[in-house]
Amino acid sequence: MVRRIRPEQVRELTLLFILVAAVAFFATQIPGYVSGRTFTDISTGLEVIAVVAVGQTLVVLTRNIDLSVGSVVGLVAYFVGTLLANEPGLAPAVPVAIAIALGSALGAINGTIVAYGRVPAVVTTLGTLAIYRVALVELSGAKTVTTDSLPAWLLDLPRSSLVSLGDLDIRSLVVVAVAVVIAFQLLLYYAPYGRRLFAIGSNPDAARVAGLPLQRDVFVAFVLSGALAGLGGFLFLVRFGNITVVAGQGLELQVVAAVVVGGVNIFGGSGSMVGALLGAALINLLQQSLLRWPAANPFVQDAILGLLILLAVASDKVVLERLRTTWVRARRRDDERATASAAKQVTPGA
Amino acid sequence: MRQRARQSRSPLAPELFRRLRSWEGLLLGVLAVIVVVTAAAVPGYLHPQNQINLLELSIEKAIVALALSFVIVSGEIDLSIASVMGLAAVLVAWLRQQGVPVEVGIVAALAAGTLCGLFNGYWVAIVGLPSLAVTLAGLIGYRGVALLLVEDRSIGGFPDWFNRLGQQPLVGPFPLALIVFAALVVIATVLLQFSGFGRYVYVVGSSREVARFSGVRVPRVKMAVFAMSGLTAAFAGVLLAARLGAVRGSTAEGFELDIITMVLLGGVSIFGGSGSMAGVILSILVILNLRNGLALANATGNTQAGVIGALLILSVLVPNLIAAARARAVRSARVEAGRRSLPSAK
């Protein structure tokens, strides 16, 4: 029985349970909480974080971290915003492609320094966090991108819905974000590259000895993280319209929080995209609900976020590690029993 | 043998040469270049008062860098320092607003900082969580507590003596923070380089296992190191509050970039176990002079942060590249020697 549910799935189920419990709790506290409107608000708030968290998950799986994503999101949002303001006639696919390409380039810088320069990811991305922000400030000359300079299709995008049931809307951008999560979940579980990320994260030395292209895979993880942060930058532009030099500042903390709360092990080697999405959903749900809850101080958010990260990491260490050993043991026992019964069946025949 | 012969010919020169080729020597060279260039461009730059002024502007960061060096030498990292600084600054102001005398507020802030450090230390040293994750949670959480206290207000109105300590010279031309920094430099150097505790910190940083089997109480050393970091950060936060005269929830936000750069540029290895106080002190001087020089060249605070960010990466990247190049040279020399020995063996 135990072997049916993997420890990682225990984590995801727990998160799902906490999400439901949180909704149930706020429903008793805030009048009119359970409504389509709440769902629309929370799912819309997720778009940017979910997409960037997918990239972050790839990086964290390899035992690294990408703290520069907040600046990448801001820089890309500003760059693409300026571009669209100057050339409003561009086909929609062009700015998206440029956003992803610029993000990838910034990610490639991180990846080169980390994978080939052997500089620890915290150091590298703390540095590029500052450098990319400076690039944005220099690029902007303290000017801002404003909503009225952007083309109409872009401004309509955040309000376009795929499904509408009363005041419950599933926005098309939310669908894009979920599609990204699913695509990368599939990549992670079925593509050789995804499997290698797990191998590298659980034991880098063993991965190297086994002949895995360690440096290249880590490099690619950073490029993908940059690319997804670039896409996140585009979504950020679409969502907010007004882009200043502080756009995306502090986003990296929320993204790392979502990933860690979502059960992606900061030691590398375990985690899933669905977990990261659930983590992002929980954080977003708490933030938006606390704002609406009259009994809570609206400034309590960050304190709770910090506590949540700590709880997630601690439970990962204390509870999940124990679960994992029981799981492995139970599996081994099952295997032994299976071979023993197989041997028994063979013996009488022989 | 050859080396000894050379040494006996002139005992001082190679030693001096070796020193200069070390990381500290490199920093000294960089510092000299920055100072000479800025002094040539800006008249009065070398005037003692200007030097004191420029030191004063980042003195709180420099103080925290001294304590963070211990954490990094022990093989851990503390990302929460800037938030602890902010929390301590906010606590003094908030308590005063609640009618608590500033003296008591300072003690409370220092206690809170130590508590934050011990809290980080508990999860890292006793539970065994990665310090990166724990102190990232601290970075967000401690800042969150500070925001909870002051919300979006700015609190000032400290008593005169408190502001005067932060803003006016105390002894001769030197303000209190500078004197404290000088004293802490001596204490930190003695503690890290010349005390048993310092040895323990190095041993824990170079190999946790070896330290444990040698009878070093690793958790206790790590707890001590994190508590020191928290206490010092809180102290620096109080000094910052006195210098600024008013605090907000965002006070000291983003300081961790400068502080970590000061330590790593000083040659302290991010992997723990190596580095020296002399290097850290030199790198503090390099960064302060560089920031000052950039400000005089009309670079904005943001551009300065970018330069610091580049320095942070380079301070780890350059030694890595040098080591790789050296390893390659040694390898190719070996191959060369092997080739040469082949025909003779035939």
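Fair warning: this is a prediction, and the values are worked out from it, not measured in the lab.

Trainee: Can you help me understand the overall build of chain A in this one?
Mentor: Scanning chain A from terminus to terminus reveals 13 helices and 2 strands. Computed over the C-alpha atoms, the radius of gyration of chain A is 22 Å, within 12% of the 20 Å expected from 2.2 N^0.38 for a compact globule of 350 residues. Dimensions of chain A along its principal axes, counting C-alpha atoms only, are 85 × 55 × 35 Å. Counting all 350 residues of chain A, 51% fall into the buried class. Across chain A, every contact between residues at least 6 apart in sequence was considered, and the portion connecting residues at least 24 apart equals 78%. Roughly 15200 Å² of accessible area belongs to chain A as shown, and the carbon and sulfur atoms make up 66% of that amount. Of note, chain A has its 26 positive side-chain charges centred 11 Å away from the centre of its 20 negative side-chain charges.

Trainee: It is not clear to me how the pairing of strand β1 (residues 161-165) of chain A should be interpreted in this structure. Could you clarify?
Mentor: Regular strands place side chains that alternate from one sheet face to the opposite one. Residues and elements named next belong to chain A. Strand direction decides the pairing type here: β1 and strand β2 (residues 168-171), joined by 4 bridges, are antiparallel. Within the sheet, the bridge partner assigned to valine 163 lies in β2 and is isoleucine 170. What sits between β1 and β2 in their antiparallel hairpin is a turn of 2 residues, with glycine 166 showing a positive phi close to 60°.

Trainee: What is the right way to read the interface of chain A and chain B from this model?
Mentor: Interface size is often expressed as the accessible area that is lost when the parts come together. Counting from both sides, the interface comprises 35 residues of chain A and, opposite them, 36 residues of chain B. Buried area between chain A and chain B, summed over both chains or domains, comes out near 3100 Å², and the portion from carbon and sulfur atoms is 85%. Remark: the boundary between chain A and chain B carries 4 residue pairs in polar contact (both at pLDDT 80 or more). Listed by contribution, the elements that provide at least two residues to the side of chain A that touches chain B are α5 (121-140), α11 (251-261) and α13 (301-349) of chain A. The element best represented in the side of chain A that touches chain B is α5(A), accounting for 12 residues. Residues that form the side of chain A that touches chain B fall into these classes: 24 nonpolar, 6 polar and 5 charged.

Trainee: Is there a simple way to think about the packing of aromatic side chains in this case?
Mentor: To describe a pair of aromatic rings, you give the distance between the ring centres and the angle between the ring planes. Scanning the entire structure with this criterion turns up 12 aromatic pairs over all chains. Aromatic pair A:Phe26 and A:Tyr33: ring centres 5.9 Å apart, planes at 40°, arrangement tilted. Comparing A:Phe26 with A:Tyr33 shows no difference in burial state: the two are buried. Through a chain of ring-to-ring contacts, three or more aromatic side chains come together here, namely A:Phe25, A:Phe26, A:Tyr33 and A:Trp293. One Lys or Arg, B:Lys61, reaches over the ring of B:Phe255 and ends 4.5 Å from the middle of that ring. One Lys or Arg, B:Arg212, reaches over the ring of B:Phe213 and ends 4.9 Å from the middle of that ring.

Rules of the game
- Residues numbered from 1 in each chain as written.
- Chains lettered and ligands numbered in written order.
- Predicted model: local features only at pLDDT ≥ 70, side-chain atom pairs only at ≥ 80, totals over all residues.
- Heavy atoms only, no water.
- Helix = DSSP H or I, 4+ residues; strand = E, 2+ residues; numbered from the N terminus.
- Rg over C-alpha atoms; globule rule 2.2 N^0.38 Å.
- Buried < 20%, exposed > 50% of the residue type's maximum accessible area, 1.4 Å probe, protein only.
- Contact = heavy atoms within 4.5 Å.
- Areas by Shrake-Rupley, 256 points an atom, 1.4 Å probe, with all protein chains shown as cover.
- Lys, Arg positive; Asp, Glu negative; His and termini not counted.
- Charge placed at Lys NZ, Arg CZ, Asp CG, Glu CD.
- Pairing = 2+ DSSP bridges.
- Buried area = accessible area lost by both parts, 1.4 Å probe.
- Polar contact = N/O pair within 3.5 Å; in protein donor to acceptor, adjacent residues only side chain to side chain.
- Nonpolar A, V, L, I, M, F, W, Y, C, P; charged D, E, K, R; others polar.
- Phe/Tyr/Trp six-rings, centres within 6.5 Å; stacked < 30°, edge-to-face > 60°.
- Lys NZ or Arg CZ within 6 Å of the ring centre and 35° of its normal.

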